[in-house]
Amino acid sequence: MRTATDKPPLEWLARGGYAARGVVHVIIGWLALVAAFGGGRTTGSRGAPQSMLGQPFGKILLAIVAVSLAFGLCGGGGAGVAHVWKGWHATFDKHLRWSDDERRLGRPICRFALVMRGIAFIIIGGFFIIAAWQADPDEARGLSGTLQALQQQSYGFALLGVMAIGLVAFGLYSLIESVYRNVEPEG
């Protein structure tokens with residue numbers, strides 16, 4: 001078994017990328033949760049770094065996230081339906097090296113997180129379909145626009161609260177990946 005100091009630099013970068021994605025999602029989710037209960041505005045992946053700067057150690061955290069993003073290790077991707085499938089069927093499990101106890105604790109978080117991220121992608125995709133159907137590019141929304149649209153609905157605080165919890169859960173999933181993901185090359 002290798003120790004932490006034996007790990008190659010590429011593995012450290014990969015794990016840092018998962019951790020950075022996790023931190024960004026936890027911040028976005030937290031800000032959305034605060035906004036759901038009338039305490040602020042929603043933000044997306046572009047607004048999260050601005051919020052980070054105002055926090056203790058914000059510049060250091062932002063530098064870590066920027067380095068990971070620069071290497072493209074925490075780039076998004078994947079369709080909403082694929083995330084729901086991955087979470088529902090726990091196909092992520094084959095990529096994680098964890099004990100039975102760790103799996104018992106972490107698996108429900110990972111499943112919930114992936115299903116919720118999938119639902120978020122499906123909602124965002126719905127806005128893009130509406131924009132295309134109406135030929136109105138202003139209707140297309142990213143994560144921030146989707147969160148703001150949810151906030152403006154009659155039960156927006158509840159919808160936004162559920163979405164916020166899902167974003168925080170996805171952040172925790174990413175942090176779990178940063179520790180337990182098998183990042184060794186296959187072969």
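Note that this is a predicted model, so its numbers are computed, not measured. (Residues numbered from 1 in each chain as written. Predicted model: local features only at pLDDT ≥ 70, side-chain atom pairs only at ≥ 80, totals over all residues. Heavy atoms only, no water.)

Chemist: Would you mind showing me how to read the overall build of the protein here?
Modeler: Within the protein, the regular secondary structure consists of 7 helices and 0 strands. Counting from the amino terminus, helix and strand elements in the protein follow one another as α-α-α-α-α-α-α. Relative to its full complement of 187 residues, the protein shows a buried share of 36%. Contacts in the protein between residues at least 24 apart in sequence constitute 68% of all its contacts with a sequence separation of at least 6. If you sum the accessible surface of the protein, you get close to 11,000 Å²; carbon and sulfur atoms cover 65% of it. (Helix = DSSP H or I, 4+ residues; strand = E, 2+ residues; numbered from the N terminus. Buried < 20%, exposed > 50% of the residue type's maximum accessible area, 1.4 Å probe, protein only. Contact = heavy atoms within 4.5 Å. Areas by Shrake-Rupley, 256 points an atom, 1.4 Å probe, with all protein chains shown as cover.)

Chemist: Would you mind showing me how to read the pattern of salt bridges here?
Modeler: A side chain with one charge can pair with a side chain of the opposite charge if their charged atoms come near. Taken as a whole and assessed by the stated rule, the structure comprises 7 salt bridges. Residue Arg103 is joined to Asp100 by a salt bridge in which the shortest nitrogen-to-oxygen separation is 3.2 Å. Taken as a pair, Arg103 and Asp100 lie in helix H5 (residues 100-134) at a separation of 3 residues, close to a single helical turn. The exposure class assigned to Arg103 is partly exposed, which follows from its relative accessible area of 24%. Accessibility expressed as a relative area gives 53% for Asp100, which makes it exposed. Within this structure, Asp93, Asp100, Arg103 and Arg107 form a network of salt bridges that share partners. (Salt bridge = Lys/Arg side-chain N within 4 Å of Asp/Glu carboxyl O.)

Chemist: How should I be thinking about the nonpolar core in this particular structure?
Modeler: Nonpolar side chains in soluble globular proteins generally cluster together in the buried interior. The biggest cluster of nonpolar side chains holds 11 residues, and these are Ala90, Phe92, Leu96, Trp98, Cys110, Ala113, Leu114, Ala169, Phe170, Tyr173 and Ile176. The set of elements that each furnish at least two residues to this core consists of H5 and helix H7 (156-180). Looking at which element gives the most residues to this core, the answer is H7, with 4 residues. Discounting chain neighbours no more than four positions away, the residues touching Phe170 are Arg21, His25, Ala113, Leu114 and Arg117. (Core = buried A, V, L, I, M, F, W, Y, C linked by side-chain atoms within 4.5 Å.)

Chemist: Any chance you could explain helix H1 (residues 9-36) here in plain terms?
Modeler: For an α-helix, the turn length of 3.6 residues means that residues three or four places apart are oriented alike. A rise of 1.5 Å per residue sets the reference length of H1, with its 28 residues, at 40 Å; its end C-alpha atoms lie 40 Å apart and thus fit the reference within 8%. Backbone geometry just after H1 places Gly38 at a positive phi near 80°. (Expected span 1.5 Å × (residues − 1).)

Chemist: Would you mind showing me how to read the packing of H1 against H7 here?
Modeler: Think of two packed helices as two axes; the pair is described by the angle between the axes and how far apart they sit. Two numbers describe how H1 lies on H7: the axes approach to 7 Å, and their chain directions differ by 165°. The pairing of H1 with H7 is recorded here as roughly antiparallel in orientation. Handedness of the crossing formed by H1 with H7: left-handed. For the contact of H1 with H7, the residue count by class is 22 nonpolar, 7 polar and 3 charged. (Axes fitted to C-alpha atoms, helices over the stretch in contact; angles between N-to-C directions. Parallel < 35°, antiparallel > 145°, perpendicular 65-115°, else oblique. Left-handed = near helix turned anticlockwise from the far one by under 90°. Nonpolar A, V, L, I, M, F, W, Y, C, P; charged D, E, K, R; others polar.)

Chemist: Looking at this model, I keep getting lost on the packing of aromatic side chains. Mind explaining?
Modeler: Enumeration over the complete set of coordinates arrives at 3 aromatic pairs. A ring pair is formed by Phe92 and Tyr173, whose centres lie 6.0 Å apart and whose planes are at 80°; its orientation type is edge-to-face. Note that Phe92 is positioned in the loop between helix H4 (80-88) and H5 and Tyr173 in helix H7, a separation of 81 residues in sequence. Exposure remark for Tyr173: the relative accessible area of 1% places this residue in the buried category. On the numbers, 5.5 Å between centres and 40° between planes, the contact of Phe170 with Tyr173 is tilted. Residue Phe170 and its partner Tyr173 are located together in helix H7, separated by 3 residues, close to a single helical turn. (Phe/Tyr/Trp six-rings, centres within 6.5 Å; stacked < 30°, edge-to-face > 60°.)

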